[in-house]
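Results of the structural survey
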Amino acid sequence: MRDNASSQPAAPTTIWTPANIVTLIRILLVPVFFVACVSPWPTWFPDWNEAELLKPWLACLTDLADGYIARHYNQVSDFGKFMDPLADKILVAAALLALCELQILPSWVALIILTREFIVSGLRMLAASEGVVIAASWYGKAKTVFQIIAILLFIIKDSEPFISTPAIETPLYVVSWIVMIVAL
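It should be emphasised that the depicted structure is a prediction, and the values quoted were computed from it without experimental measurement. (Residues numbered from 1 in each chain as written. Predicted model: local features only at pLDDT ≥ 70, side-chain atom pairs only at ≥ 80, totals over all residues. Heavy atoms only, no water.)

All right, on to the side chain of Thr144 then. With respect to the helices and strands, the residue Thr144 is situated in helix 7 (residues 138–157). Overall, the relative accessible area of 12% leaves Thr144 in the buried class. (Helix = DSSP H or I, 4+ residues; strand = E, 2+ residues; numbered from the N terminus. Buried < 20%, exposed > 50% of the residue type's maximum accessible area, 1.4 Å probe, protein only.)

The following block contains the structure:
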């Protein structure tokens, strides 16, 4: 008797692809990211003037890295389709909470964004329970890009180099709010 299962190519049995590892590291480093955002760590390095400007880029680059690795090396997996957007949501939530903690962003903005994220995640989990994996659409990716840009602008607009430059402060304030409204 011939085994049907052995005649078909085996599906990958591991989730430990480089892209998925980067995604999991992003999730594990959320507490570090949060502390970096709310702490005065640039003041710990008085001779490093650019330290304040690096804060908003901490998580953004890892998001680009795992997406690039997954697509470039054809490591797109169901696990990655589920976990990458989840990692984005966790990082966005941490950044929004940090901005609220620093009194840079009103909490109602964070509440609207986080409510939407919980609803979308809930729908994805419901679909997953039926065996359907819902990958992020272009709309979801655009929304995430706008959220990240808005968060970056909110962090940058209140950083020391920009607070002390009134000519830049007002236009940056307006632009950051415009992008945040688009993200909303």
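Attention now goes to the environment of Leu153. In this fold, Leu153 is placed in helix 7. Distance in space between the C-alpha atoms of Leu153 and Tyr173 is 8.2 Å, their sequence separation being 20 residues. Apart from residues no more than four positions distant in its own chain, Leu153 is found in contact with Leu172, Val175, Ser176 and Val179. (Contact = heavy atoms within 4.5 Å.)

With that settled, the discussion passes to the pattern of salt bridges. Where charged atoms of side chains with opposite charge meet at close range, the side chains can pair. Applying the stated rule across the entire model yields four salt bridges. Close ionic contact of Arg26 with Asp84 constitutes a salt bridge, the shortest N to O distance being 2.8 Å. Here Arg26, found in helix 1 (residues 18–28), pairs with Asp84, found in helix 5 (residues 78–101); they are 58 residues apart in sequence, far enough to count as distant. A relative accessible area of 4% means that Arg26 is categorised as buried. Residue Arg26 is joined to Asp88 by a salt bridge in which the shortest nitrogen-to-oxygen separation is 2.4 Å. (Salt bridge = Lys/Arg side-chain N within 4 Å of Asp/Glu carboxyl O.)

Here we take up the packing of helix 1 against helix 5. Relative to each other, helix 1 and helix 5 sit at 25°, their axes nearing to 9 Å. Here helix 1 is positioned roughly parallel relative to helix 5, judged by the angle of their axes. Crossing of helix 1 over helix 5 shows left-handed handedness. On the side of helix 1, the interface is formed by Asn20, Thr23, Leu24, Arg26 and Ile27, while helix 5 contributes Phe79, Gly80, Met83, Asp84, Ala87, Asp88, Ile90 and Leu91. Here the contact of helix 1 with helix 5 is composed, by residue class, of seven nonpolar, three polar and three charged. (Axes fitted to C-alpha atoms, helices over the stretch in contact; angles between N-to-C directions. Parallel < 35°, antiparallel > 145°, perpendicular 65-115°, else oblique. Left-handed = near helix turned anticlockwise from the far one by under 90°. Nonpolar A, V, L, I, M, F, W, Y, C, P; charged D, E, K, R; others polar.)

Further remarks concern the environment of Ile27. As for its position among the elements, Ile27 is in helix 1. Look at Ile27 and you get partly exposed, because its relative accessible area is 21%. On a C-alpha basis, the gap between Ile27 and Asp84 in space is 9.3 Å, while along the polypeptide they are 57 residues apart. Leave out the neighbours within four places in its chain, and Ile27 touches Met83, Ala87 and Ile90.

For the protein chain, the mean per-residue pLDDT works out to 78, and 71% of the residues sit at or above 70. Contacts from residues 5–12, a stretch scored under 50 in pLDDT, to residues over four places away or in other chains number one contact. (pLDDT = per-residue confidence, 0-100.)

Moving on, we come to the side chain of Asn20. With respect to the element layout, Asn20 can be found in helix 1. If sequence neighbours within four positions are ignored, Asn20 has contacts with Ile15, Ser77, Phe79 and Gly80.

Turning our eyes to something else, we now look at a nonpolar patch on the surface. There is a patch of nonpolar side chains on the surface, built from Ile15, Trp16, Ile21, Ile25, Leu29 and Val32 and spanning about 560 Å² of accessible area. Within the secondary structure, Ile25 sits in helix 1. The partly exposed category is assigned to Ile25, whose relative accessible area is 43%. (Patch = residues over 30% accessible without salt bridge, like charges linked within 9 Å, V, L, I, M, F, W, Y side chains within 5 Å. Areas by Shrake-Rupley, 256 points an atom, 1.4 Å probe, with all protein chains shown as cover.)

This part is about the packing of helix 2 (residues 30–38) against helix 5. The contact between helix 2 and helix 5 brings their axes to 9 Å, and the two run at 25°. Taken together, the axis directions place helix 2 and helix 5 in an arrangement best described as roughly parallel. The two elements helix 2 and helix 5 cross, and the hand of that crossing is right-handed. Contact with helix 2, carried on its side by Val30, Phe33, Phe34, Cys37 and Val38, involves Ile90, Leu91, Ala94, Ala95, Leu97, Ala98 and Glu101 of helix 5 and no other residues of that element. Looking at the contact of helix 2 with helix 5, its residues break down into eleven nonpolar, no polar and one charged.

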